[in-house]
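An overview of the molecular structure
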Amino acid sequence: MLKGVLEGCVLEIVSREETYGYEITRRLNALGFTDVVDGTVYTILIRLEKNKLVETAKKPSDMGPPRKFFALNDAGREELRKFWEKWEFVSSKMNELKEENQ
Amino acid sequence: MNLWERMTGSDMTRQMRDFESRAQKLPTDYQAAWETIKANLWPHSDFTGRNLMPILDGVLSLLEETAADGQSVQEVLGGDIKGFCSALVGAEGAKSYRDKWREQLNQNIARKLGK
Amino acid sequence: MSIRDLIEGKKKWRAHMARVKALPRDYQLVYKEIQKYLFKVGPVELTEGTGLLDGIVELFEEGAAMGKGVLEVTGSDVAAFCDDLIKDSRTYADVYQESVNREVANAMNKVAKKTK
């Protein structure tokens, strides 16, 4: 799947509630994006963190080492808003193109 | 690093000494490879030796880790040390060499995981 | 300023490698191949202490704790995972080439001035 779209998905999931990498992958897989692996989500989360779009917190886990939780900050919410804007634009244009043909 | 060190390059001398003492702890075939790598990189270093230091450090770390793992130096560097060195400094042909590293990485993993 | 000193200091480096050794065998193998690859490619981030390597170990620890296979975590194209990870980072080869170009440009300028 397109990288930018996947980043939008991760932003959207994180915006709903504070969550961690493996859980995000699980959500995406359940949604039908079965080829998305944890490593891919990890690289996206790292990038979101570097670009200061998320706040992070370490929390103990009942399974293995402490987990890093992610939540959107204001810049992240703005980024998500821009993503949906772009998405609306692209999908409306795609539909236009498709209807032209019918 | 102070100005004097920067002017005389004595900070680099110190770093090279550091590298050499690390290299001396390597197995002999690894030491020989280290010498060859330096000989290949040095022509690049006339005025830009300082920027070569982190690259040399990366190679040395690679040699240290792989030697500790008991791998053969041949397996780590491949036959073409000259090409390997050009790739390290990003010289011409570096891109195709990096593709080779990429392939090597995936192949090693497939082989070692026995899949 | 070696990678080991800069990343975390020698003690921290040893702690890092101890964590690696505590991983299941398959995870260890993949981690070590990744580390070798990164030493060769030389992303500047490796010495910036951002915990690039520690981050991978953390990801692996969690995956192992959940009983996942290592390739389930990274995907089967481990090189793609690595490149993704350092996509935004310059490499020492980049830095080196920039300095070479700068020096060459300086030298050319000098020659140009002389011939004027």
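That block above? That's the structure.
First, a word on scope: everything that follows refers to the structure included in this document. (Residues numbered from 1 in each chain as written. Chains lettered and ligands numbered in written order. Predicted model: local features only at pLDDT ≥ 70, side-chain atom pairs only at ≥ 80, totals over all residues. Heavy atoms only, no water.)

**Considering the overall build of chain B**
- From N to C terminus, chain B includes seven helices and zero strands.
- Each helix (α) and strand (β) of chain B, taken in turn from the N terminus, gives the series α-α-α-α-α-α-α.
- Here the contacts in chain B between residues at least 6 apart in sequence split such that 60% fall between residues at least 24 apart.
- Element-wise, carbon and sulfur atoms account for 53% of the exposed surface of chain B, whose accessible area totals about 6000 Å². (Helix = DSSP H or I, 4+ residues; strand = E, 2+ residues; numbered from the N terminus. Contact = heavy atoms within 4.5 Å. Areas by Shrake-Rupley, 256 points an atom, 1.4 Å probe, with all protein chains shown as cover.)

**Remarks on the environment of Val54(A)**
All names here are of chain A.
- Note on placement: Val 54 falls in strand E2 (residues 54-59).
- Given a relative accessible area of 6%, Val 54 falls into the buried group.
- Sequence separation between Val 54 and Leu 28 is 26 residues; the distance between their C-alpha atoms is 19 Å.
- When residues no more than four places from it in sequence are discounted, the contact partners of Val 54 are Val 14, Leu 48, Glu 49, Phe 70, Ala 71, Leu 72 and Asn 73. (Buried < 20%, exposed > 50% of the residue type's maximum accessible area, 1.4 Å probe, protein only.)

**Structural notes on the sheet that holds strand E1 (residues 19-20) of chain A**
Residue and element names in this part refer to chain A.
- Read across the sheet, three strands follow the order E1-E3-E2 without closing on themselves; strand pairing throughout is antiparallel. Each end of this open sheet is capped by a strand with a single partner; those strands are E1 and E2.
- The sheet contact formed by E2 and strand E3 (residues 67-72) spans six bridges and is antiparallel. Its bridge partner lying in E3, Val 54 is registered against Leu 72. (Pairing = 2+ DSSP bridges.)

**Focus on helix H3 (residues 28-41) of chain B**
Residue and element names in this part refer to chain B.
- Between its first and last C-alpha atoms H3 spans 20 Å; for 14 residues at 1.5 Å apiece the expected length is 20 Å, and the two agree.
- Of all the residues in H3, the buried ones are Tyr 30, Ala 33, Trp 34, Ile 37, Lys 38 and Leu 41. Each buried residue of H3 lies within a common arc of 140° when the element is viewed along its axis, so the set occupies one face. Turned more than 90 degrees off the buried face of H3, the exposed positions are Thr 28 and Ala 39. (Expected span 1.5 Å × (residues − 1). Arc of directions from axis to C-beta.)

**Observations concerning the interface of chain C and chain A**
- Listed per partner, the contact involves 20 residues of chain C and 16 residues of chain A.
- Together, the buried faces of chain C and chain A total about 1700 Å²; carbon and sulfur atoms form 56% of this surface.
- The largest contributions to the chain C side of the interface with chain A come from Glu62(C), Met66(C) and Asp84(C), which together make up 32% of the buried area.
- Inspection of the region where chain C meets chain A yields three salt bridges.
- For the salt bridge of Glu62(C) with Arg67(A), the shortest nitrogen-to-oxygen distance reads 2.9 Å.
- The tally of links between chain C and chain A comes to eight residue pairs in polar contact (both at pLDDT 80 or more).
- Breaking the side of chain C that touches chain A down by element, the ones donating at least two residues are helix H3 (52-65), helix H4 (70-74) and helix H5 (78-85) of chain C.
- Top element by residues in the side of chain C that touches chain A is H3(C). It accounts for eight residues. (Buried area = accessible area lost by both parts, 1.4 Å probe. Salt bridge = Lys/Arg side-chain N within 4 Å of Asp/Glu carboxyl O. Polar contact = N/O pair within 3.5 Å; in protein donor to acceptor, adjacent residues only side chain to side chain.)

**Points about the nonpolar core**
- Of all hydrophobic cores here, the largest spans 69 residues; its most connected members are Leu63(B), Leu77(B), Trp101(B), Val30(C), Ile34(C), Leu38(C) and Phe60(C).
- The biggest single contributor to this core is helix H4 (residues 49-68) of chain B, with nine residues.
- Core analysis: the next-biggest nonpolar cluster, separate from the first, contains 20 residues, Ile13(A), Leu53(A), Val54(A) and Phe70(A) among them. (Core = buried A, V, L, I, M, F, W, Y, C linked by side-chain atoms within 4.5 Å.)

**Looking at the packing of helix H7 (residues 94-112) of chain B against H5(C)**
- Interaxial distance between H7(B) and H5(C) falls to 8 Å at its minimum, and their mutual angle equals 130°. Relative to H5(C), the element H7(B) lies oblique. Of the residues in H5(C), those touching H7(B) at Arg98(B), Arg102(B), Leu105(B), Asn106(B) and Ile109(B) are Val78(C), Ala79(C), Cys82(C) and Asp83(C).
- Its residues placed into classes, the contact of H7(B) with H5(C) shows five nonpolar, one polar and three charged. (Axes fitted to C-alpha atoms, helices over the stretch in contact; angles between N-to-C directions. Parallel < 35°, antiparallel > 145°, perpendicular 65-115°, else oblique. Nonpolar A, V, L, I, M, F, W, Y, C, P; charged D, E, K, R; others polar.)

**Some remarks on unusual backbone geometry**
All names here are of chain A.
- Unusually for a residue other than glycine, Lys 52 sits at a positive phi of about 55°.
- Within the secondary structure, Lys 52 is located in the loop between helix H3 (38-50) and E2.
- On the accessibility criterion, Lys 52 (61% relative accessible area) is exposed.

**Some remarks on helix H6 (residues 81-88) of chain B**
Residue and element names in this part refer to chain B.
- Counting buried residues in H6 gives six out of eight residues, a clear majority hidden from the surface.
- Listing the buried residues of H6 in full gives Ile 81, Gly 83, Phe 84, Cys 85, Ala 87 and Leu 88.
- Two residues or fewer past H6, Gly 90 is found with a positive phi of approximately 75°.

**Let's talk about the side chain of Asn108(B)**
- Along the chain, the position of Asn108(B) falls in helix H7.
- Residue contacts for Asn108(B): discarding those within four places in its chain leaves Glu33(C) and Lys36(C).

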